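What follows is each chain in one-letter form.
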Amino acid sequence: MSTDNAVLVTGASRGIGRETAIALLKKNIRVIALARTADKLQELKNKFPKLVYTLAVDLTSDQSYRDLADLLTKEKLRLKALIHNAGALINKPFLETTDEDWSYLIQANTMSSIKLIRTCHPFLGKESHIVQIGSMGGFQGSSKFPGLTAYSVSKGTLSILTECLAGEFIKDDIRINCLCLGAVQTEMLEAAFPGLKVPVQSEQMGAYIAGFALEAQKFFNGKVLPVSLADPS
Ligand SMILES: NC(=O)c1ccc[n+]([C@@H]2O[C@H](COP(=O)([O-])OP(=O)(O)OC[C@H]3O[C@@H](n4cnc5c(N)ncnc54)[C@H](OP(=O)(O)O)[C@@H]3O)[C@@H](O)[C@H]2O)c1
């Protein structure tokens, strides 16, 4: 097995995930960039050709995880960190949400995390860091908003998963933490709160997440941390 270290970032095609990937690449760290939009991933690869591996996959499809395992095996990659940032949002009042809406969000936000961690576990090593990108909407005791119930529930699962896996993975010395983000100016924020302008930009949050993924496993394990000056932003 090669000793190559890389960081896997899901949702690297835009918003916070793209900026997280760029912050890591600027530190000369190999990044495995996942999202569905192949041309956006290719743009990233064109900017950092020697450091980027791309995989255009839909995390609601099981084939994606087989493709990911194949890539990690073929390229002999070890994961220093796994940043699960990809996420989906449906903004709809609870009583109008359908089974399909719930099923989609559970697949995109909850099951994606479970399948990703199962797939990546053989490629993680001592002191590797799994970072789950949760949401203040899914943080216990935070303000909640009409229309975001299904989204918030599907993100809230990441908190308990983080606490449980921190215990399960102690024997492997793999660390896991969950960052519950407040509002960041992205396409998803526009879908959740149309017209809202907030002070935190995706570049700032991406740089913070990149640093957290590389360092915080030395100090935190199993923690669910609100990343928010106020509630919700
Ligand atoms: N922005 C905020 O205020 C805020 C607040 C709290 C939490 N968050 C969380 O932060 C993370 C990033 O949010 P963002 O604001 O940057 O969102 P965004 O701009 O909507 O980007 C979402 C990313 O996830 C990817 N993605 C979505 N569904 C996917 C799927 N089925 N398979 C693979 N990739 C998928 C998208 O790529 P493709 O479309 O190319 O697949 C995109 O790269 C999310 O987990 C979100 O819940 C954001």
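This structure is a prediction, so every number in the text was calculated from the model and none was measured. (Residues numbered from 1 in each chain as written. Predicted model: local features only at pLDDT ≥ 70, side-chain atom pairs only at ≥ 80, totals over all residues. Heavy atoms only, no water.)

A.B. asks: Give a description of the site of the ligand that names residues and reports values.
C.D. replies: Residues in contact with the ligand amount to 28 residues; listed here are only the nearest, Arg36, Thr37, Asn85, Tyr151 and Thr186. Measuring from an oxygen atom of the ligand, one finds a side-chain N or O atom of arginine 14 at 3.1 Å. Taking valine 184, its main chain carries an N or O atom lying 2.8 Å from an oxygen atom of the ligand. Within the complex, the protein chains bury 96% of what would otherwise be the 880 Å² of accessible surface of the ligand. The pocket occupied by the ligand, as judged from atoms lying within 2 Å of grid points, is the largest pocket. Put simply, the parts of the chain that give the shell around the ligand at least two residues each are helix H1 (15-26), strand S5 (124-135), helix H5 (149-168) and helix H6 (187-192). Here the shell around the ligand takes three residues from S5, the largest share from any one element. Partitioning the shell around the ligand into residue classes produces 13 nonpolar, eleven polar and four charged. (Near = heavy atom within 4 Å. Polar contact = N/O pair within 3.5 Å; in protein donor to acceptor, adjacent residues only side chain to side chain. Areas by Shrake-Rupley, 256 points an atom, 1.4 Å probe, with all protein chains shown as cover. 1 Å grid on protein atoms, 1.4 Å probe; cavity = no way out; pocket = protein on both sides within 12 Å on 5 of 7 lines; lining within 4 Å. Sits in = over half its atoms within 2 Å of the grid points. Helix = DSSP H or I, 4+ residues; strand = E, 2+ residues; numbered from the N terminus. Nonpolar A, V, L, I, M, F, W, Y, C, P; charged D, E, K, R; others polar.)

A.B. asks: So what about the nonpolar core? Which residues, and what values?
C.D. replies: One finds Val7, Leu24, Ile83, Leu179, Leu181 and Ile209 to be the most contacted residues of the largest nonpolar core, which totals 34 residues. Setting aside anything within four residues of it in sequence, one finds leucine 179 in contact with Val131, Gln132, Ile133, Gly134, Ser135, Tyr208, Ile209, Phe212, Leu225 and Val227. Counting residues in each nonpolar core, the second largest holds 28 residues, with Leu8, Leu34, Leu77 and Leu161 among its members. (Core = buried A, V, L, I, M, F, W, Y, C linked by side-chain atoms within 4.5 Å. Buried < 20%, exposed > 50% of the residue type's maximum accessible area, 1.4 Å probe, protein only. Contact = heavy atoms within 4.5 Å.)

A.B. asks: A description of the sheet that holds S5 should follow, citing residues and the corresponding values.
C.D. replies: Paired through their backbone hydrogen bonds, the strands of a sheet run either parallel or antiparallel. Spatial ordering of the open sheet is given by S3-S2-S1-S4-S5-S6-S7, a layout of seven strands whose pairing is parallel. Looking along the sheet, the strands with just one partner apiece sit at the ends: strand S3 (52-56) and strand S7 (224-227). When strand polarity is set aside, the average angle formed by the axes of neighbouring strands in this sheet is 20 degrees. Running over the sheet, H1 touches strand S1 (5-10), strand S2 (30-35), S3, strand S4 (78-84) and strand S6 (175-181) and is turned about 165 degrees from S1. Sheet contacts for H5: S5, S6 and S7; angle to S5, the most-contacted strand, approximately 155 degrees. (Pairing = 2+ DSSP bridges. Axes fitted to C-alpha atoms, helices over the stretch in contact; angles between N-to-C directions.)

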